[in-house]
Amino acid sequence: MTSAVWTLCPLLTVLLVVRLLGAQQQLLPGSCNFELGTCGYTSDSEYGTWSMNEEGHVITVDSALLKEQQQAVLVSPVLDQQDWSCVRLVYQITGGGSLQLFLRPDGDNFDYRMWTANQASDSWLIASVDLHNSTTPYQVLLEGRPERGSGNSVAIFEIHIVTGYCIECNFEEHHLCGYSNSWNPNVNWYVGGSVPVNHSTHHQRGHYMYVDSVYAKHFQEVAKLSSPMTTVPLAGCLSFYYNRDQERGNIFSLFTRDQLGHYEDMWRPEVFATAGWTLVSVDIKAPHPLEVVFEVAFNSARGGYVAIDDISFSPEFCHTDTEPNFDPSIANCDFEDGLCLYHQEKTDSKEWSRVSVKPNAYRIGDHTTGVGCFLLVNTHFSSRPGYVGRLHGPLLPGNHKYCLRFYYLLHGFRKVDNALALYIYDENNVAQEKVWSLTHTSRDVWTEVEITYMKPMLSKVVFVSICKNFWECGLAAIDDITVSLGDCQMTAGSLPGQCDFESGVCGYIQDKKGDKADWLRVRGDTPTSYTGPRGDHTTGVGYFMYIEASLMRPGHKARLLTSDLRGSSSPQCLILFYHMHGSGSGILSMLLRRSDREQDALLWRRRGEQSVSWMRAMVDYQCDVRHQIIFEAIRGPSLRSDIAIDDISFKRGPCEDPGDFAPYSGFSEYFNEIE
């Protein structure tokens, strides 16, 4: 989170001077200090109400005033700021609760969460949120959700929106742009304004940040000044001025720290002292949230001082020899249109084959769509009784941290020791590291693997499958390989409109009026044999929603409704993965419920058994009024009629690929056919 406690308490007087005398940045529309009113901010009538303090200055949502509602949503006027901007928010959570900031683009179905906080504090905190440049007008939403019970509230003191990046600061703006000092009993960053002369204004009333060794008592006393955590990907040139005097020893350095606490050194000065303010420019790449940290370590009380000022950022790299942003998606492949940039070790090798499986009741199809292509390694395709199959990926630059994800499926192996493994090779085809291998047999379900790796040289991933003899080997398959920058733990979170049911039901609602049963959220196998999936579509070991036929009678239905969608002027593409396996499978439908019509409209329907695989459905629809999507399952004539859904997502349409082109209503004529 991008919150910073004002830890510069010893200089509270100086901070007040900064607030009163510091040169303020030009505030943009949407800024508000709540002194004379709400500046056009209003409470969403569908939720609770934000209340102004009687004396002004603060707007609050209190659990005691929410009544039946769980949250209150504060909505800004429509903003049309096309340049990059930064929202700075001063807030406080008392007791228990949370505060979230959303962006609502004009004409979009969904609100996009940009920032969240849920830690209570006895003081005001500051949050900084970057808003990407956009030509689409938008609104800022602030959702306060205090916990039930007395003494819980969420308050906002002021909202400032300024042009530029949140990481920038000249330390003239009050709240110090969200920069925070890591408190140390002896050495800390302070606000200065006299000596050395401020770089920006060249007079004593300007401000900068400095740290002095005069109170250092121990060896390696450290002071850290941290920027707000970035909230959007950044890449470009970070510049700042510094002034340094090293009498007997200080170590000054700049590094970045991500959400996992990983550090990366960015810069250290080459001189011990400077005659005046010196400009530094450092190239920075931040595909995931991180903060910039200015650190000074002193060896004694005579270690001198360090001052910094005028931190700025440009989206253009400052050094021409800096490698441009690299897109690792060149290593992505779903094998629908070929092998992409992957190849077998020998041109005449046939261990790895690109295959597809028609929808059927016994053999699982690909992970991407259920009817597409994947890679399979199998002795049936080789003239030898055993094999060593190596599949090489494209070379990727060194000194980058990569997150590799792929899905595998294993069937029929008696021993899994060498059934499937993943290596990192260098450009000379020398194995550098074995990063993953199978440790247990699979359950005939596509299972996700995540690997984070980093090498100093050009490198590539190599999938290896070894079979010593025909009797020990079965089928090993891979599909949907993706590579992204950063640690796999640094997930960006799901986008609005996406639901994989891993953390809950995403606000979906069970229809209690006309239903005879509910959709159930489960993981693993369903209890009735010969029906239902063996695992979810997202990871193979996660959660999905399904109807349990044994709890229903033939013809009974269960309806799951999305929360209200605002409507969009542009077409929408609705994507769903569904599972209809079982000789008595009933009917699965997607319907559109509009606020201006009484009758639900049918968007898509499947009847009867479709496949043992998870199948993808893609549906185009357009609705410019408030509406809901209904997922309706009707139980079939027998117990073997479980129906499951997973990985629902909405995208701006139209759908790129119809995907669900197979109008199957029953088995394929050719069971278990591999093409």
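What counts and what doesn't
Residues numbered from 1 in each chain as written. Predicted model: local features only at pLDDT ≥ 70, side-chain atom pairs only at ≥ 80, totals over all residues. Heavy atoms only, no water. Helix = DSSP H or I, 4+ residues; strand = E, 2+ residues; numbered from the N terminus. Buried < 20%, exposed > 50% of the residue type's maximum accessible area, 1.4 Å probe, protein only. Pairing = 2+ DSSP bridges. pLDDT = per-residue confidence, 0-100. Contact = heavy atoms within 4.5 Å. 1 Å grid on protein atoms, 1.4 Å probe; cavity = no way out; pocket = protein on both sides within 12 Å on 5 of 7 lines; lining within 4 Å. Points joined across faces, edges and corners; volume = space filled by probe spheres on them. Nonpolar A, V, L, I, M, F, W, Y, C, P; charged D, E, K, R; others polar. Axes fitted to C-alpha atoms, helices over the stretch in contact; angles between N-to-C directions. Phe/Tyr/Trp six-rings, centres within 6.5 Å; stacked < 30°, edge-to-face > 60°. Lys NZ or Arg CZ within 6 Å of the ring centre and 35° of its normal. Polar contact = N/O pair within 3.5 Å; in protein donor to acceptor, adjacent residues only side chain to side chain. Disulfide = S-S within 2.5 Å.

Tracing the backbone through its elements, the reader meets E656 in the segment after β41 (643-652). Through-space distance from the C-alpha of E656 to that of D620 is 9.9 Å; in sequence the pair is 36 residues apart.

In terms of residue burial, strand β11 (residues 153-163) counts as a mostly covered element, since ten of its eleven residues are buried. With four bridges connecting them, strand β4 (residues 59-62) and β11 associate as antiparallel partners. Residue pairing for β11: T60 is matched across the bridge by A155. In terms of strand pairing, strand β6 (residues 85-94) meets β11 through ten bridges, oriented antiparallel. Residue pairing in the sheet places S85 in a bridge with T163 of β11.

With 88% of its residues at a pLDDT of at least 70, the chain reaches an overall mean of 86. Confidence scores differ between elements of the chain, with helix α1 (residues 12-21) showing the lowest mean pLDDT of 33 and strand β34 (residues 543-547) the highest of 97. pLDDT under 50 marks residues 1-23. Its contacts with residues more than four places away, or in other chains, come to 64 contacts. Across residues 661-675, confidence stays below pLDDT 50; counting only partners more than four residues off in sequence or on other chains, it has 34 contacts.

A few words now on the layout of surface pockets. Volume-wise, the second largest pocket comes out at about 830 Å³. For the lining of the second largest pocket, the elements supplying multiple residues, two or more each, are β24 (373-377), β26 (400-411) and β31 (475-485). Partitioning the lining of the second largest pocket into residue classes produces 17 nonpolar, 15 polar and eight charged.

Okay, the pairing of strand β21 (residues 305-314) next. In terms of burial, β21 is a largely internal element, seven of the ten residues being buried. Of the pairings in the sheet, the one linking strand β16 (residues 234-245) to β21 comprises eight bridges and is antiparallel in character. Across the sheet, residue R244 finds its bridge partner in β21, namely V306.

Strand order in the open sheet formed by five strands is β23-β24-β31-β26-β29, with antiparallel pairing between adjacent strands. Only two strands of the sheet have a single neighbouring strand rather than two, namely β23 (352-356) and β29 (447-455). Taking the axes of each pair of neighbouring strands and ignoring which way they run, one obtains an average angle of 35° across the sheet. Pairing geometry for β23 and β24, over five bridges, is antiparallel. Note on β24: the bridge partner recorded for S356 is C373.

Within this structure, the stated rule accounts for 28 aromatic pairs. Judged by centre distance (5.4 Å) and plane angle (85°), the rings of F252 and W267 are edge-to-face. Taken as a pair, F252 in strand β17 (residues 250-258) and W267 in strand β18 (residues 263-267) lie far apart in primary sequence, 15 residues in all. W267 matches F252 in its accessibility class, with the two residues each being buried. Look at Y423 and Y425: their rings are 6.4 Å apart centre to centre, the planes differ by 85°, and that puts the pair in the edge-to-face class. By relative accessible area, Y425 is classed as buried at 9%. An aromatic cluster of at least three residues, connected via ring pairs, comprises F240, Y242, F252, W267 and F294. Taking the ring centre of Y543 as reference, the NZ or CZ of R521 above it sits at 3.9 Å.

Turning next to the side chain of Q100. Here Q100 shows up in strand β7 (residues 97-105). Judged by relative accessible area, Q100 falls into the buried class, the value being 10%. Here the side chain of Q100 touches R113 through a polar contact of 3.0 Å, side chain to side chain.

Turning our attention to the sheet that holds strand β40 (residues 627-634). Here five strands make up an open sheet; going across it, the order is β32-β35-β40-β37-β38 and the pairing antiparallel. The outermost strands of the open sheet, each flanked by one partner alone, are β32 (509-510) and β38 (601-607).

Take the state of the cysteines next. Scanning all chains against the criterion turns up eight disulfides. Shown here is the disulfide that connects C403 with C488, its sulfur atoms set 2.1 Å apart. Linking C403 and C488, the disulfide has an S-S dihedral of approximately 105° and is accordingly described as right-handed. Of this pair, C403 sits in strand β26 while C488 sits in the loop between β31 and β32, placing them 85 residues apart in sequence. Taken individually, C403 and C488 each receive the classification buried, so the pair is uniform in this respect.

In this structure, K455 sits in strand β29. When residues no more than four places from it in sequence are discounted, the contact partners of K455 are G398, N399, H400, I424, Q432 and E433.

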